[in-house]
Amino acid sequence: MRAIVIALTALSALTAAISAVDGPDVRGSVRANGRPQPNTVVWLEAPHAAPASAAKIVLDQRNLSFYPHVLAVRVGTTVDFPNNDRVFHNVFSFRDGKRFDLGMYPIGTLRRVTFDTPGLSRLFCNIHPNMAAYVMAVDTPYFSVADTQGTFTIPAVPPATYTYHTWRPGGTIAAGTFSVDHDKQLEIDEP
Amino acid sequence: MRTAAALVVVLTACGSSSPALAQPVTVEADVTGGYTSDDAGALATQVRAFGDMPLGLRVLAEAAWAARSETDESTDAFGAAYPYGNRVQIMEAYAERLFHPGPTLVGFRAGRYRTPFGIYTRGDYAYSGFLRAPLIRYDGYFALSNNFLEHGAELIAGIPQLYIETSLGAPADVGDSVRRSGVDSVTRVQGYYGPWIVGVSHIRTQPYMPERFARGRSVFTGVDLRWTAGGVQVSGEWLTGRPFDGTSATGWHADVMVHRPVMGPVTAVWRSEQLDYDASAPYARWARRHTAGARVRLLRNLSAQVNVLHQSGDLTDAYRNALDLALTYSIRLR
């Protein structure tokens, strides 16, 4: 029994320590001319952050669409591109960012791409002209994509002052500074 | 009337879609204008809606209108994926459900859909860079038609690397070649390995010509192949069969599409094809055609297509050489 109590106490202390190191969630919203800006990628510069652990993310092809339309990943992340349509798709990115052409593959199968350099990749399908998506690879663990209300949450950010960046489809990259504090929100209002 | 009813059902289902579903219903439209040195101009538009429904169903409905101005009926330009009959027509209108338990794949589709023989989807022809259907898939050339549609049900089963799709229904064609009513069946087996995708198809259906002239059933078997690597896509189809008793048709087409990073928005295309229609004299016909061209993505929603072709034979009345040009504007609303 004593051993169990010691173990639980140690676990509790460890959890508290990890929480203190990680810091609070950064919540906020993105607006332009007062209107919410969904699908805006927001990230905080963190050049000394720990290396990324291997992560696997899915960018689905379904109903002749990429889902999600905008995806943010940390550099080094491998993204799965499953085809969940009865028709063939041919995903490619030629313009900038990670350049690749996955070729055609049928329903129920997938191909993978590792986004190993930072930057924006514009994805299209060579068979369906209205299919388009964006993958923003960022060299930081602190990033998020705004939801339909233009709000976002970046989890567990250590308290400090950061340079933040934003990008949204059709827009350019904007930047500012923000000090992370427990009850402070990052409200971004773009012109 | 049955088609209109099917469309109403599908569109009603689209309209009742909830934003809480995995993907909302999407509506998109394409408008194409074109000109060919065969002395014809063309204008076409398609509107389609598709998305997720309750119970895991997915739906798609598409309507098309297209017209061609020409001094005579001498060209087969612009008929790559749609008829040019100068009236609004319902193309596909179906619901489907797919299951992916473990490594297996099972699904069904019901409604009005393109005849699942060989390379048959809209995307394979409407945005391929070619402005004409392959000879073996053009209305009235004694083989199959890209405007063949089914009213029926289709089942697919297997694993992603090897599955069978089988359809049972009745012809519901649009365009100039409309098959006679009756029951028809189509079966296609598809295998996938690395960059290779191979299909084998078989159809038993009704001829599209009057019974007094075309007796018996129309039966075709075909093999289709796709290969992609490094921005190069090769696809093609070979088929053989009888359009009706006492005749036979054999043909093929091989397409190459090249889209390498250095080419930016340009996709280069090449097609070689042949069709032989064997019947008692003087009805036998043949044609061979080569097409070179490009599809250029000018803007996000605007693309241009240019084709230059040379043909020989007596199957078609088109000029020996032709230049086809088209601009397509596509927009997606959600």
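Structural notes, computed from the coordinates.

Criteria and cut-off values
- Residues numbered from 1 in each chain as written.
- Chains lettered and ligands numbered in written order.
- Predicted model: local features only at pLDDT ≥ 70, side-chain atom pairs only at ≥ 80, totals over all residues.
- Heavy atoms only, no water.
- Buried < 20%, exposed > 50% of the residue type's maximum accessible area, 1.4 Å probe, protein only.
- Helix = DSSP H or I, 4+ residues; strand = E, 2+ residues; numbered from the N terminus.
- Pairing = 2+ DSSP bridges.
- Axes fitted to C-alpha atoms, helices over the stretch in contact; angles between N-to-C directions.
- 1 Å grid on protein atoms, 1.4 Å probe; cavity = no way out; pocket = protein on both sides within 12 Å on 5 of 7 lines; lining within 4 Å.
- Points joined across faces, edges and corners; volume = space filled by probe spheres on them.
- Nonpolar A, V, L, I, M, F, W, Y, C, P; charged D, E, K, R; others polar.
- Salt bridge = Lys/Arg side-chain N within 4 Å of Asp/Glu carboxyl O.
- Contact = heavy atoms within 4.5 Å.
- Buried area = accessible area lost by both parts, 1.4 Å probe.

Okay, the pairing of strand β11 (residues 110-115) of chain A next. All names here are of chain A. Every second residue of β11 is oriented toward a common face, the buried set being Arg111, Val113 and Phe115 and the non-buried set Leu110, Arg112 and Thr114. Where strand β8 (residues 77-82) and β11 come together, six bridges link them in antiparallel fashion. When the bridges of β11 are listed, Thr77 appears paired with Phe115.

With that settled, consider the sheet that holds strand β14 (residues 143-145) of chain A. Residue and element names in this part refer to chain A. The sheet built from four strands is open, its strands ordered β14-β3-β16-β17 with antiparallel pairing. Edge positions in the sheet fall to β14 and β17 (174-179), since each of these pairs with one other strand and no more. Pairwise comparison of adjacent strand axes, ignoring direction, gives a mean angle of 20 degrees for this sheet. Inspection of the sheet shows strand β3 (residues 41-44) paired to β14 by three bridges, in the antiparallel sense. Note that in β14 the partner of Val41 across the bridge is Val145.

Size it by volume and the second largest pocket reaches roughly 390 Å³. Taken together, 20 residues form the lining of the second largest pocket, with Phe92, Arg95 and Phe124 of chain A together with Pro265 and Arg297 of chain B sitting closest to its centre. Within the residue set of the lining of the second largest pocket, elements represented by two or more residues are β12 (119-125) of chain A together with β14 (285-297) of chain B. No other element matches the three residues that β12 of chain A contributes to the lining of the second largest pocket. In the lining of the second largest pocket, the residues fall into 10 nonpolar, four polar and six charged.

Another point: the pattern of salt bridges. All names here are of chain B. Counting across every chain of the model gives 29 salt bridges over all chains. Between Glu28 and Arg48 there is a salt bridge whose closest N-O contact spans 2.6 Å. One end of the pair, Glu28, is in strand β1 (residues 26-36); the other, Arg48, is in strand β2 (residues 40-52), and 20 residues separate them in sequence. Judged by relative accessible area, which is 4%, Glu28 ranks as buried. Judged by relative accessible area, which is 1%, Arg48 ranks as buried.

Moving on: the interface of chain B and chain A. With 46 residues of chain B in contact, the opposing surface of chain A contributes 31 residues. Roughly 3400 Å² of surface becomes buried between chain B and chain A when both sides are summed, with 51% attributable to carbon and sulfur atoms. Seen at the junction of chain B and chain A, the total is five salt bridges. Here Glu154 of chain B makes a salt bridge to Arg86 of chain A, at a shortest N to O gap of 3.0 Å.

Here the focus is the sheet that holds β12 of chain A. Residues and elements named next belong to chain A. With mixed pairing, the five strands of this open sheet are ordered in space as β7-β13-β12-β9-β10. On the outer flanks of this sheet lie β7 (70-74) and β10 (100-105), each paired with one strand and no other. Strand-to-strand twist of the sheet, defined as the mean angle between neighbouring strand axes without regard to direction, takes the value 20 degrees. Sheet topology places β12 next to strand β13 (residues 132-138); six bridges connect them, and they run antiparallel. Counterpart to Phe124 in the pairing with β13 is Ala132.

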